[in-house]
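# Secondary and tertiary structure notes
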Amino acid sequence: MAKKTYNEKLNSPGDLPKIEDLSDKPDAAARFGGSKLLVAAPMQYHEVMSSIPLGKVTTSDRIRAYLAQQAGANATCPLTAGIFINICAHASEERPDEKIGWWRTLKANGELNEKYPGGLAEHQAHLEAEGFSVTQKGKRFFVADYAERLFELDELG
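A quick note: this is a predicted structure, and the numbers were derived from the prediction, not measured.

Parameters at a glance
- Residues numbered from 1 in each chain as written.
- Predicted model: local features only at pLDDT ≥ 70, side-chain atom pairs only at ≥ 80, totals over all residues.
- Heavy atoms only, no water.
- Helix = DSSP H or I, 4+ residues; strand = E, 2+ residues; numbered from the N terminus.
- Expected span 1.5 Å × (residues − 1).
- Buried < 20%, exposed > 50% of the residue type's maximum accessible area, 1.4 Å probe, protein only.
- Contact = heavy atoms within 4.5 Å.
- Axes fitted to C-alpha atoms, helices over the stretch in contact; angles between N-to-C directions.
- Parallel < 35°, antiparallel > 145°, perpendicular 65-115°, else oblique.
- Left-handed = near helix turned anticlockwise from the far one by under 90°.
- Nonpolar A, V, L, I, M, F, W, Y, C, P; charged D, E, K, R; others polar.

## Observations regarding helix H4 (residues 60-71)
For H4, with twelve residues, the first-to-last C-alpha span of 17 Å sits near the 16 Å given by 1.5 Å per residue. Of all the residues in H4, the buried ones are Ile63, Arg64, Tyr66, Leu67 and Ala68.

## Notes on the side chain of Arg104
Position of Arg104 among the secondary structure elements: in the loop between helix H5 (78-94) and strand E5 (105-106). For Arg104, a relative accessible area of 11% puts it in the buried group. Arg104 has contacts with Ile52, Pro53, Leu54, Gly55, Lys56, Val57, Thr58 and Glu130, leaving out every residue within four places of it along the chain.

## Remarks on the packing of helix H3 (residues 42-49) against H4
Between H3 and H4, the least distance of the axes is 11 Å, while the angle of their chain directions is 115°. Here H4 runs roughly perpendicular to H3, going by the angle between their axes. Judged by the sense of rotation from one axis to the other, the crossing of H3 with H4 is right-handed. Between H3 and H4, the residues in contact are Gln44, Tyr45, Val48 and Met49 and Ile63, Arg64, Tyr66 and Leu67, respectively. Split by residue class, the contact of H3 with H4 holds six nonpolar, one polar and one charged.

Structural data, given as structure tokens:
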């Protein structure tokens, strides 16, 4: 069987989105701030990421909080969020005529994502092309002024 492309993964939601009930898992419910954990579909991340305008950024944790709030959940699964955000970025590169600004989605605290297409170098190049300043702290890279240039996701409706 042939390996799925990123676009196929993006458009194969399976049984997602769904809200997991963590009421029988008190440690997990405490960690996520309640018993309702959203496992969002890949396309939900794509829709948010494609809405971030030129000159603005967001973070994966802000997208997770937005999607949880929209679904009436306490939180969104961080593991699947990381996977699906990465799928969105790679799927965009598979469709040169339908690219989204995946580089505008940062990790927590404005950190660049080494798993994006082309790694850190390409992520940094895209951001700098839009006027962002990238700084290095140890082995990690961050957008210097990301907090001042955050896109307010509640503007999406």
